[in-house]
Amino acid sequence: MTFAIETNQLRKVFGDNAAVKSLTLQVQQGEVFGFLGPNGAGKTTSIKMLLSLIAPTSGKASLLGASLGDRTVRARIGFLPEHFRFHDWLSADEFLTLHGQLYGMTPKELRQRINELLEMVGLTPFRNKQLRTFSKGMMQRIGLAQALLNKPDLVFLDEPTSGLDPVGRRLVRDIIHDLRRRGTCVFLNSHLLSEIEVTCDRVAFIKHGEVIRVVELKTLEDVKASVTIRAKGLTPEMINGLSQWGQDVRVDDEHVSMAVANEMVLPEITRYLVAQGADVFAVTPQRLSLEELFIQVLGTDGSL
Amino acid sequence: MNPTFIIARLTFREAVRRRIVLTALILGASFLIIFSIGIHLVAGQISQVSPRGYASIAQSEGINFLLLAGLYTITFLSVAMGALISADTLAGEINSGTIQSVVTKPVRRADVVLGKWLGFAGLLAIYILLMAGGVVISVKLQANYMAPNLIRGFGLIYLESLTMMTVALMLSSRFSALATGGAVFGLYGLAFIGGWVEQFGSFIQSQTTVYIGIISSLIFPCEAIWRRAAYEMQSPLSGVLGMSPFSAISVPSALMIVYAIIYALVALALTFSIFSHRDL
């Protein structure tokens, strides 16, 4: 199977400054891939190289099996630029029509697709309004619709939730889930960890334009976790009994916290407490979050 | 649909939407009204103030002078319009990032350039037809005078505005809108003064001075195209009698016109090349 994205030592130098030092990565078709790194790590520059907006200084890359700059492959790619601006004197409808025509879509399929997309991003009531009257969030939504016009096999989203309120962020998340279900590969560039955590299959940590580590997010579930239990009627014997599943058992009134080997032990702990006669209100696992992983992998010094 | 056509139509629509066309039409109409009043007054009175027996010559010379003054103004306006509409088009869209969502579609970057060029060329054609046509019709109606070689003259005026627009487009593919505007008007000023030096040189028969004019026309051929246009449309007498900004003594050769066409084509080709290879 060909990769959706494959790069080999892709490099971009501006003057004396290597914005992207050496980017080597492979993204599978159909996966949601997070591209995560501090500001100035070369994320946007990398995306721009992949989309032939800027020419790499050296290295190789291919999209959907075709080398960079292949025009026919662009018909299968969607792109939402960061801080994008569009021809804001067009109405939402005209704007999507223009971009659909640039994709080479026929008027008929375009009509239907525009209706679908406006509905999906919740802009149907505003379809005849000029983009200049749109709020930042509405612009982000119309930009997203623009990126999906051609039912792409590969979508690049560069900071898609910047400027969005919680409702908008939820919408983007739902759209990404929907794209995954349809087998679309999503390349998500974001510095919002929570966003990557809930949407991505895999995430690459980028620093100075190099991939430091690629992590499968599912495996995060197997790692050591801590758990907080809220229960009433706990006796010292019960507390002692808990130590068979983990260490560092600490009690604070009706809250108990402890470290466990993995989340698999949580049902057992619950059953044990209930059998002992405690009233259990909550068992909350705290997994090693992406944020902790981020700090672990990239350090606390930000981009420097 | 052809991407070039899509971009050309977008360019056209942008000019309409952003009221560029409306502004040009209102100011153009005002210009034509002032011009028509002037022609009306002059046509009525010129024969009364001229020496006995020369009335008809004075009439046609005076009207021809005014007609060329009107056409010269329109030439300048169309050149300025060509520079202004294209100076910001690539530079502005690169700067704002608007271009990013366009060139990542399955289109060639050259399609984008050519589409914009065609859109502007269409706008300039309409503008010149309306304005220069308005001047000619006004003169015909009020003074019953037609200048010679009008079609050739109009074509040359159009060529001049196209040359300016193309050079501005080329610079705008590399530099900011302001730098582009400064550069093209600087070039225009250089060609303008070079043209005048050449006129005087020709008047006092100084060959060196004429060369200065020719060199400045080679650097930027716009003013030379106007002088050729004026030569085509002036009355046979005015070329002999004297010098004005609206007539030509030292006439640029047909070769200069060929040069101007090649100049504009090279500028367009350079725009393709610069824009296709630059980082966006």
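Residues numbered from 1 in each chain as written. Chains lettered and ligands numbered in written order. Predicted model: local features only at pLDDT ≥ 70, side-chain atom pairs only at ≥ 80, totals over all residues. Heavy atoms only, no water.

### Some points on the overall build of chain B
Then, in step 1: When you go through chain B residue by residue, the secondary structure sums to 12 helices and zero strands.
Then, in step 2: Referenced to the eigenvectors of the C-alpha coordinate spread, the extents of chain B come out at roughly 75 × 45 × 30 Å.
Then, in step 3: Classification of the 280 residues of chain B by burial places 53% in the buried group.
Then, in step 4: Counting only contacts in chain B whose residues sit at least 6 apart along the sequence, the fraction spanning at least 24 positions is 82%.
Then, in step 5: Accessible area for chain B stands at about 12,500 Å²; split by element, carbon and sulfur atoms hold 71% of it.
Then, in step 6: Computed over 16 positive and 10 negative side-chain charges, the inter-centroid distance for chain B is 8 Å. (Helix = DSSP H or I, 4+ residues; strand = E, 2+ residues; numbered from the N terminus. Buried < 20%, exposed > 50% of the residue type's maximum accessible area, 1.4 Å probe, protein only. Contact = heavy atoms within 4.5 Å. Areas by Shrake-Rupley, 256 points an atom, 1.4 Å probe, with all protein chains shown as cover. Lys, Arg positive; Asp, Glu negative; His and termini not counted. Charge placed at Lys NZ, Arg CZ, Asp CG, Glu CD.)

### What about the overall build of chain A?
Then, in step 1: Helix and strand counts for chain A stand at 10 helices and 14 strands.
Then, in step 2: Across its three principal directions, the C-alpha atoms of chain A cover 70 × 50 × 35 Å.
Then, in step 3: Out of the 304 residues belonging to chain A, those deemed buried represent 49%.
Then, in step 4: Taking the intrachain contacts of chain A between residues at least 6 apart in sequence as the baseline, contacts between residues at least 24 apart amount to 70%.
Then, in step 5: Within the structure as shown, chain A displays about 14,300 Å² of accessible surface, and the carbon and sulfur contribution to it stands at 48%.
Then, in step 6: The averaged location of the 35 negative side-chain charges in chain A is 7 Å from the averaged location of its 35 positive side-chain charges.

### So, the interface of chain B and chain A
Then, in step 1: Each side of the interface is counted separately: chain B has 26 residues, and chain A has 26 residues.
Then, in step 2: A buried area of about 2,600 Å², summed over both sides, lies between chain B and chain A, and 58% of it is on carbon and sulfur atoms.
Then, in step 3: When the area that chain B buries against chain A is broken down by residue, the three leading residues are Thr104, Lys105 and Pro106 of chain B, summing to 23%.
Then, in step 4: Joining chain B to chain A, the criterion identifies three salt bridges.
Then, in step 5: For the salt bridge of Lys12 of chain A with Asp279 of chain B, the shortest nitrogen-to-oxygen distance reads 2.8 Å.
Then, in step 6: Across the chain B-chain A interface, the total number found is 17 residue pairs in polar contact (both at pLDDT 80 or more).
Then, in step 7: Counted by class, the side of chain B that touches chain A contains nine nonpolar, six polar and 11 charged residues. (Buried area = accessible area lost by both parts, 1.4 Å probe. Salt bridge = Lys/Arg side-chain N within 4 Å of Asp/Glu carboxyl O. Polar contact = N/O pair within 3.5 Å; in protein donor to acceptor, adjacent residues only side chain to side chain. Nonpolar A, V, L, I, M, F, W, Y, C, P; charged D, E, K, R; others polar.)

### So, the pattern of salt bridges
Then, in step 1: For the structure shown, the criterion picks out 19 salt bridges over all chains.
Then, in step 2: In this structure, Glu254 of chain A and Arg230 of chain A form a salt bridge, with 3.3 Å as the shortest nitrogen-oxygen distance. A residue pair is termed long-range when its members are at least 10 positions apart, and Glu254 of chain A in the loop between β12 (246-252) and β13 (255-260) and Arg230 of chain A in strand β11 (residues 225-232) qualify at 24 residues.
Then, in step 3: Here Glu198 of chain B makes a salt bridge to Arg227 of chain B, at a shortest N to O gap of 3.3 Å. Remark: Arg227 of chain B occurs in helix α10 (residues 222-233) and Glu198 of chain B occurs in helix α8 (residues 177-203); sequence separation between them is 29 residues. For the residue pair Glu198 of chain B and Arg227 of chain B, the accessibility class agrees, reading buried in each case.
Then, in step 4: Taken together, the shared-partner salt bridges connect Asp93, Arg111 and Arg127 of chain A into one network.

### As for unusual backbone geometry
Then, in step 1: Within the chain, Leu64 of chain A stands out as a residue other than glycine whose phi angle is a positive 50°.
Then, in step 2: You will see that Asn149 of chain B, though not glycine, has its phi angle at about 50°, which is positive.
Then, in step 3: Relative to the helices and strands, Asn149 of chain B resides in the loop between α6 (109-143) and α7 (150-172).
Then, in step 4: According to the relative accessible area criterion, Asn149 of chain B is partly exposed, its value standing at 34%.

### Here we look at the environment of Gly194 of chain B
All names here are of chain B.
Then, in step 1: By the element assignment, Gly194 lies in helix α8.
Then, in step 2: For the pair Gly194 and Ile212, spaced 18 residues apart in sequence, the C-alpha separation works out to 6.4 Å.
Then, in step 3: Look past the residues within four positions of Gly194 in its chain and what remains in contact with it is Gly213 and Ser216.

### Looking at the pairing of strand β6 (residues 77-80) of chain A
Residues and elements named next belong to chain A.
Then, in step 1: What you see with β6 is no split at all: Ile77 and Phe79 on one side and Gly78 and Leu80 on the other are buried throughout.
Then, in step 2: Across four bridges, β6 lies against strand β7 (residues 154-158) in parallel orientation. Among the inter-strand pairings, Leu80 is bridged to a residue of β7, identified as Leu157. (Pairing = 2+ DSSP bridges.)

### Here we look at helix α10 (residues 290-298) of chain A
An α-helical turn contains 3.6 residues, so a residue and the one three or four places further along point in the same direction.
Residues and elements named next belong to chain A.
Then, in step 1: Inspection of α10 places Leu290, Leu293, Phe294, Val297 and Leu298 among the buried residues, and these make up the whole buried set. All buried residues of α10 lie within an arc of 105° about the axis, which places them on one face of the element.
Then, in step 2: The secondary structure elements touched by the buried residues of α10 are β3 (32-36), α7 (193-199), β9 (202-207) and β10 (210-216). (Arc of directions from axis to C-beta.)

### Quick word on the packing of helix α5 (residues 136-148) of chain A against helix α6 (residues 166-181) of chain A
Residues and elements named next belong to chain A.
Then, in step 1: At a closest axis distance of 11 Å, the pairing of α5 and α6 adopts a crossing angle of 10°. In terms of orientation, α5 and α6 fall into the roughly parallel class. On α6, the residues that touch Arg141, Leu144 and Leu148 of α5 are Val167, Gly168, Leu171, Val172, Ile175 and Leu179.
Then, in step 2: Considering only residue class, the contact of α5 with α6 consists of seven nonpolar, one polar and one charged. (Axes fitted to C-alpha atoms, helices over the stretch in contact; angles between N-to-C directions. Parallel < 35°, antiparallel > 145°, perpendicular 65-115°, else oblique.)

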